[in-house]
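# Chain and residue survey
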Amino acid sequence: MKNLTKEIRNEIKGIIIANNGVVLNADVEKVYNRFRVVAGREVVSMVQNAISYFRFSPQQAEFRKKYNFQSGGVCYQ
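Report follows, based on the coordinates. (Residues numbered from 1 in each chain as written. Predicted model: local features only at pLDDT ≥ 70, side-chain atom pairs only at ≥ 80, totals over all residues. Heavy atoms only, no water.)

Scanning the protein chain from N- to C-terminus turns up 4 helices and 0 strands. Shown N-terminal to C-terminal, the secondary structure of the protein chain runs as helices and strands in the order α-α-α-α. Relative to its full complement of 77 residues, the protein chain shows a buried share of 32%. Taking all contacts inside the protein chain whose residues are at least 6 apart in sequence as the whole, residues at least 24 apart take part in 52%. Accessible area for the protein chain stands at about 5,100 Å²; split by element, carbon and sulfur atoms hold 48% of it. (Helix = DSSP H or I, 4+ residues; strand = E, 2+ residues; numbered from the N terminus. Buried < 20%, exposed > 50% of the residue type's maximum accessible area, 1.4 Å probe, protein only. Contact = heavy atoms within 4.5 Å. Areas by Shrake-Rupley, 256 points an atom, 1.4 Å probe, with all protein chains shown as cover.)

Have a look at this one:
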């Protein structure tokens, strides 16, 4: 399960970097669909935890500054 959590974190990190700090609902849905086969319904919690990790973790403060990732939530566009 730790490897799956790491993979999901890497996916979310890639989305944040690619979109300059914006996480779109469509991007989150793609991650859900990709990992749902392996993790089942638990994937929702795992993805939300990964987003929260980058949003609130003190270890990720520099990452947030670099990519302008704010704690505003997921954008529904």
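Okay, the pattern of salt bridges next. Per the counting criterion, the structure on display carries 1 salt bridge. Between Glu11 and Arg34 there is a salt bridge, and its shortest N-O distance comes to 2.1 Å. Placement of Glu11 in helix 1 (residues 2-18) and of Arg34 in helix 2 (residues 25-39) is noted, with a sequence separation of 23 residues between them. Look at Glu11 and you get partly exposed, because its relative accessible area is 27%. Judged by its relative accessible area of 48%, Arg34 is partly exposed. (Salt bridge = Lys/Arg side-chain N within 4 Å of Asp/Glu carboxyl O.)

An ideal rise of 1.5 Å per residue puts 20 Å on 14 residues; helix 3 (residues 43-56) measures up with 20 Å between its terminal C-alpha atoms. By the burial criterion, the buried members of helix 3 are Val43, Met46, Val47, Ala50, Ile51, Phe54 and Arg55. On its buried side, helix 3 packs onto helix 1, helix 2 and helix 4 (61-67). (Expected span 1.5 Å × (residues − 1).)

Note that Ile8 resides in helix 1. Its relative accessible area of 0% is what places Ile8 among the buried residues. Separated by 23 residues in sequence, Ile8 and Val31 place their C-alpha atoms 7.6 Å apart. With residues up to four places along the chain from it excluded, the contact list for Ile8 reads Val31, Phe35, Val43, Met46, Val47 and Ala50.

Attention now goes to the side chain of Asp27. Structurally, the position occupied by Asp27 is in helix 2. Buried within the structure, Asp27 lacks any salt-bridge partner; Lys30 is the closest side chain of opposite charge, at an N-O distance of 4.6 Å. When near neighbours in sequence (up to four residues on either side) are disregarded, Asp27 contacts Ile15 and Asn19. (Lys, Arg positive; Asp, Glu negative; His and termini not counted.)

The next point concerns the packing of aromatic side chains. Centre-to-centre distance and the angle between the planes together describe a pair of aromatic rings. Evaluated as defined, the whole model comprises 3 aromatic pairs. When the ring of Tyr53 is compared with that of Phe54, the centres are 5.1 Å apart and the planes differ by 75°; the resulting orientation is edge-to-face. Relative accessible area serves as the criterion here: at 4%, Phe54 is assigned to the buried category. Look at Phe63 and Tyr67: their rings are 5.0 Å apart centre to centre, the planes differ by 50°, and that puts the pair in the tilted class. Of this pair, Phe63 and Tyr67 both sit in helix 4, separated by 4 residues, roughly a single helical turn. Connected via pairs of aromatic rings, a cluster forms that spans Tyr53, Phe54, Phe63 and Tyr67. The cationic tip of Arg9 hangs over the ring face of Tyr53; the distance from NZ or CZ to the ring centre is 3.7 Å. (Phe/Tyr/Trp six-rings, centres within 6.5 Å; stacked < 30°, edge-to-face > 60°. Lys NZ or Arg CZ within 6 Å of the ring centre and 35° of its normal.)

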